[in-house]
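As a plain string of letters, each chain reads:
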Amino acid sequence: MSDDLDLNLLTVSSARASVQERQTTATALVESFYTKIQTEDRQSGQVNAYLTLTRDRALEQAKRMDSIVDCGNPLPELGGVPMAIKDVMVTRGIRSTAGSKLLDNYVPPYDCTAVSRLEAAGAIILGKLNCDEFAMGSSNENSAWGPVRNPRDLTRVPGGSSGGSAASVAAGTAVAALGSDTGGSIRQPAAFCGVVGMMPTYGRVSRYGLIAFGSSLDHIGPLTKSAKDAAIILRHIAGRDPMDSTSADLPVPDYEAEIGKSVRGLRIGVPREYFPDEMDADVRSSVEAGIKLLASSGCEVKYISLPNSRYAIPTYYVLATAEASANLARYDGVRYGYRSPNAKTLGEMYRRTRAEGFGPEVKRRIMLGTYALSAGYYDAYYLKAQKVRTLIARDFTEAFKVVDAIVTPTTPTPAFKLGEKADDPLAMYLADIFTVTASLAGIPGVSVPCGRSKTGLPIGMQILGRHFEEGTILRLAHALEHTRAGVST
Amino acid sequence: MKITLRDVDYVASLANLALTDAERARMQRDLNAILEYVDQLSELDTSNVEPMAQVSLLASVANPVVAPLRSDELRGSLPHDAAIRNAPQSDGTFFRVPKVIER
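Rules used in this analysis
- Residues numbered from 1 in each chain as written.
- Chains lettered and ligands numbered in written order.
- Predicted model: local features only at pLDDT ≥ 70, side-chain atom pairs only at ≥ 80, totals over all residues.
- Helix = DSSP H or I, 4+ residues; strand = E, 2+ residues; numbered from the N terminus.
- Rg over C-alpha atoms; globule rule 2.2 N^0.38 Å.
- Contact = placed C-beta atoms within 7 Å.
- Expected span 1.5 Å × (residues − 1).
- Buried ≥ 20, exposed ≤ 12 C-beta atoms within 10 Å, placed from the backbone.
- Arc of directions from axis to C-beta.
- Pairing = 2+ DSSP bridges.
- Axes fitted to C-alpha atoms, helices over the stretch in contact; angles between N-to-C directions.
- Domains from an automatic or database assignment.
- Right-handed = clockwise from strand over helix to strand, strands pointing away.
- Parallel < 35°, antiparallel > 145°, perpendicular 65-115°, else oblique.
- Nonpolar A, V, L, I, M, F, W, Y, C, P; charged D, E, K, R; others polar.

## Brief notes about the overall build of chain A
Here is step 1 of the chain: Broken down by element type, chain A carries 16 helices and 11 strands.
Here is step 2 of the chain: Relative to the globule expectation of 23 Å for 489 residues, the C-alpha radius of gyration of chain A, 21 Å, shows essentially globular dimensions.
Here is step 3 of the chain: Along the first, second and third principal axes, the C-alpha atoms of chain A reach 65 × 55 × 45 Å.
Here is step 4 of the chain: In chain A, the share of contacts with a sequence separation of at least 24, taken over all contacts with a separation of at least 6, comes to 75%.

## Details of the overall build of chain B
Here is step 1 of the chain: Each helix and strand in chain B was counted, giving four helices and zero strands.
Here is step 2 of the chain: Listing the helices and strands of chain B from first to last along the sequence gives α-α-α-α.

## Thoughts on helix α9 (residues 281-296) of chain A
Residues and elements named next belong to chain A.
Here is step 1 of the chain: Taking 1.5 Å per residue as the helical rise, α9 with its 16 residues ought to reach 22 Å, and the 22 Å between its terminal C-alpha atoms agrees with that figure.
Here is step 2 of the chain: Of all the positions in α9, only Val283, Ser286, Val287, Gly290, Leu293 and Leu294 are classed as buried. Down the axis of α9, the buried set is contained in an arc of 110 degrees. They therefore lie on one face. For α9, the exposed residues lying more than 90 degrees away from the buried face are Ala281 and Ser296.
Here is step 3 of the chain: The positive-phi residue at the C-terminal boundary of α9 is Gly298, with phi of around 105 degrees.

## A closer look at the interface of chain B and chain A
Here is step 1 of the chain: The partner chain A presents 58 residues to the 48 residues of chain B that form the contact.
Here is step 2 of the chain: Looking at the side of chain B that touches chain A, the elements with two or more residues in it are α1 (5-14), α2 (21-38) and α3 (55-62) of chain B.
Here is step 3 of the chain: The biggest single contributor to the side of chain B that touches chain A is α2(B), with seven residues.

## Some details on the environment of A:Thr201
Residues and elements named next belong to chain A.
Here is step 1 of the chain: Relative to the assigned elements, Thr201 resides in the loop between β5 (196-199) and β6 (219-224).
Here is step 2 of the chain: Classification of Thr201 as buried rests on a count of 27 C-beta atoms within 10 Å.
Here is step 3 of the chain: Expressed as a C-alpha distance, the spacing of Thr201 and Asp424, which sit 223 residues apart in the sequence, is 31 Å.

## Some details on the sheet that holds strand β9 (residues 405-409) of chain A
Think of a sheet as strands paired side by side through backbone hydrogen bonds, with each pair either parallel or antiparallel.
All names here are of chain A.
Here is step 1 of the chain: The 11 strands lie next to each other as β1-β3-β2-β4-β6-β5-β10-β11-β9-β7-β8, forming an open sheet whose pairing is mixed. Edge strands, defined here as strands with exactly one partner in the open sheet, are β1 (50-53) and β8 (300-304). Averaged over all pairs of adjacent strands, the angle between their axes in this sheet comes to 30 degrees, without regard to strand direction.
Here is step 2 of the chain: Pairing between strand β10 (residues 445-452) and strand β11 (residues 458-465): seven bridges, direction antiparallel.

## Notes on helix α3 (residues 55-70) of chain A
All names here are of chain A.
Here is step 1 of the chain: Here α3 is 16 residues long and its end C-alpha atoms lie 22 Å apart, about the 22 Å a rise of 1.5 Å per residue gives.
Here is step 2 of the chain: Looking at α3, one finds that the buried residues are Ala58, Gln61, Ala62, Met65 and Asp66. An end-on view of α3 places all buried positions within 145 degrees of arc, on one side of the element. Turned more than 90 degrees off the buried face of α3, the exposed positions are Asp56, Glu60, Ser67 and Asp70.
Here is step 3 of the chain: On the buried face of α3, the contacting elements are α1 (12-20), α2 (26-40), α4 (113-120) and β3 (124-129).
Here is step 4 of the chain: With its phi angle positive at about 80 degrees, Gly72 sits one or two positions after the end of α3.

## Some thoughts on unusual backbone geometry
Residues and elements named next belong to chain A.
Here is step 1 of the chain: Note the cis peptide between Gly160 and Ser161, where omega equals 5 degrees.
Here is step 2 of the chain: Following the sequence through the fold, Ser161 ends up in the loop between β3 and α5 (163-171).
Here is step 3 of the chain: With phi around 65 degrees, Ala135 is a residue other than glycine that occupies positive phi space.
Here is step 4 of the chain: The exposure class of Ala135 is buried, given the 30 C-beta atoms found within 10 Å.
Here is step 5 of the chain: One non-glycine residue, Asn140, adopts positive backbone phi at about 65 degrees.
Here is step 6 of the chain: For Asn140, the position within the fold is in the loop between β3 and α5.
Here is step 7 of the chain: A tally of 35 C-beta atoms within 10 Å means that Asn140 is categorised as buried.

## Digging into the environment of A:Lys63
Here is step 1 of the chain: Within the element layout of this structure, A:Lys63 appears in helix α3.
Here is step 2 of the chain: We classify A:Lys63 as partly exposed; it has 14 C-beta atoms within 10 Å.

## Some words on the domain arrangement of chain A
Residue and element names in this part refer to chain A.
Here is step 1 of the chain: Assigned domains within chain A: domain 1 (7-259), domain 2 (267-308 + 391-488) and domain 3 (314-379).
Here is step 2 of the chain: Spacing between the C-alpha centres of domain 1 and domain 2 amounts to 23 Å.
Here is step 3 of the chain: Between domain 1 and domain 2, the residue contacts involve 42 residues of the former and 38 residues of the latter.
Here is step 4 of the chain: Secondary structure elements with two or more residues in the side of domain 1 that touches domain 2: α6 (187-193), β5, α7 (227-237) and α8 (255-259).

## Considerations on the pairing of strand β2 (residues 82-86) of chain A
Residue and element names in this part refer to chain A.
Here is step 1 of the chain: Burial of β2 is extensive: five of the five residues sit out of reach of the surface.
Here is step 2 of the chain: Bridge analysis of β2 against β3 gives five bridges, and the strand direction is parallel. In the sheet register, Ala84 faces β3, and the bridge partner there is Gly127.
Here is step 3 of the chain: Taken together, β2, α4 and β3 constitute a β-α-β crossover, and its handedness is right-handed.

## As for the packing of α2(A) against α3(A)
All names here are of chain A.
Here is step 1 of the chain: For the pair α2 and α3, interaxial distance at closest approach is 7 Å and the crossing angle is 150 degrees. Put simply, α2 runs roughly antiparallel to α3. Residues Ala26, Thr27, Val30 and Tyr34 of α2 touch α3, and the partners they reach there are Arg55, Ala58, Leu59, Ala62, Lys63, Met65 and Asp66.
Here is step 2 of the chain: Across the contact of α2 with α3, the residue classes tally to seven nonpolar, one polar and three charged.

## Description of the pairing of β6(A)
All names here are of chain A.
Here is step 1 of the chain: Most of β6 is tucked away: six of the six residues are buried.
Here is step 2 of the chain: Taken together, the two bridges between β5 and β6 define a ladder with antiparallel strand orientation. Across the sheet, Val196 pairs through a bridge with Thr224, a residue of β6.

Structure, rendered in structure tokens:
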């Protein structure tokens, strides 16, 4: 292995090239990532992004990639690229916990489609990543395996629920990662850790093998060091999958080619509801600076309104918890996962298994969702929220008649301290205030770094697009990265 | 307070969750705080608004992208041993559970 390879700087294309051009081998690359993980992630007080290392599977794939190079053949597009997977995606023969004690010993008999598509394109899966339990949380503090720490400041949260995914990419212990996003769980941690995080259009990427949270809101997407890496990975995981009836039967564009196009003439909307008077000054100035850079690249900036945005958090927390309460009914201690040893009857076994297996936030959401669906409250909460969801989606439909993309802050503040909001569920829910609207509307969104706070914490800009127009928002994210690089050098 | 402890117990029984006394009190407090926040939805007049259950239906107005049903043909399924391998308790053929009849 060549010692001059800086693992922190590797991108999807440079990792592949280093193996293809024999600067290193895939096997040596994997070994050096595991060394880095052991010394920088796994010790007490460190990042804690990894829950499980998939060493055998990684080395087997690395060997396959090395033999392709040895035979003088070109690697597949993700060939030799070390990646990691949020532990809410199931992997055959490898324990998949969803961050829950309840699934401590669960070893799935099949692979998530997105994961098998990555491997088919040559990617090497290093391990499974920490996350909030069943993807429920905005700080990664709800993991049964301890919180992830933000690699940019170890006293702060990495965001959630894909905290391990964002942290591993930011710390350079994976070149790229997959996360899942139900209300902001890819975009918010990406913003907190200073990486790119993409939630594709609902239906763009198959959900087969994604442990379900809110089925009408769940998405799989990439977390990467650049918009270009996100574009490359998205092309490989996107597309119709017969195992997910909600996956879209549409051709998958070459996103990498799309991001090369000019952004000149694109109309970007700035919704006033996302820039309240009391907003964090660093977030405001960073996002406004990003908007200026896009304008200087030839985008036309338009001020717009998304009037129902203020209802998005209550709408989201009714619908997501209602769907969760149904999805999590499957954890009954019968077929897989934890079973309480302290029960004499079947009913008692269900109740105790769930009481002992789930953490406090998961119980809270199951309770809230069950209440919203219960007789007498269904119309007032669940049905009402579904109707408001229509209004929120309509806001976007109207806006996209006059703009091609919408830019907002990804989060109201930079990364907060560990423990700061842990005892106040409502304050934690508000961390998702700018991300849940796109989740409800099913449109794609990407968070891209756009600046830093006075204390050096990363700040993200969220770019939202029309259904299935991931290419446009990745193009804008790519343009922002390049104009920012031009400004800071 | 909208939610009483009795409501908490009722919902917990629907959700098959055993709660400790400390959890019941905490749950009552949290659910009341969250529901009070959620109640702002009632400000909106939604009498002529259709509920939205699935995004893909919305997307399909412009793009008929979702094939709702697969063709009705026989396909393989998970092998029996793989399906019960994760069972907390099985006899090799069936899942084993505690006594079902509670009397």
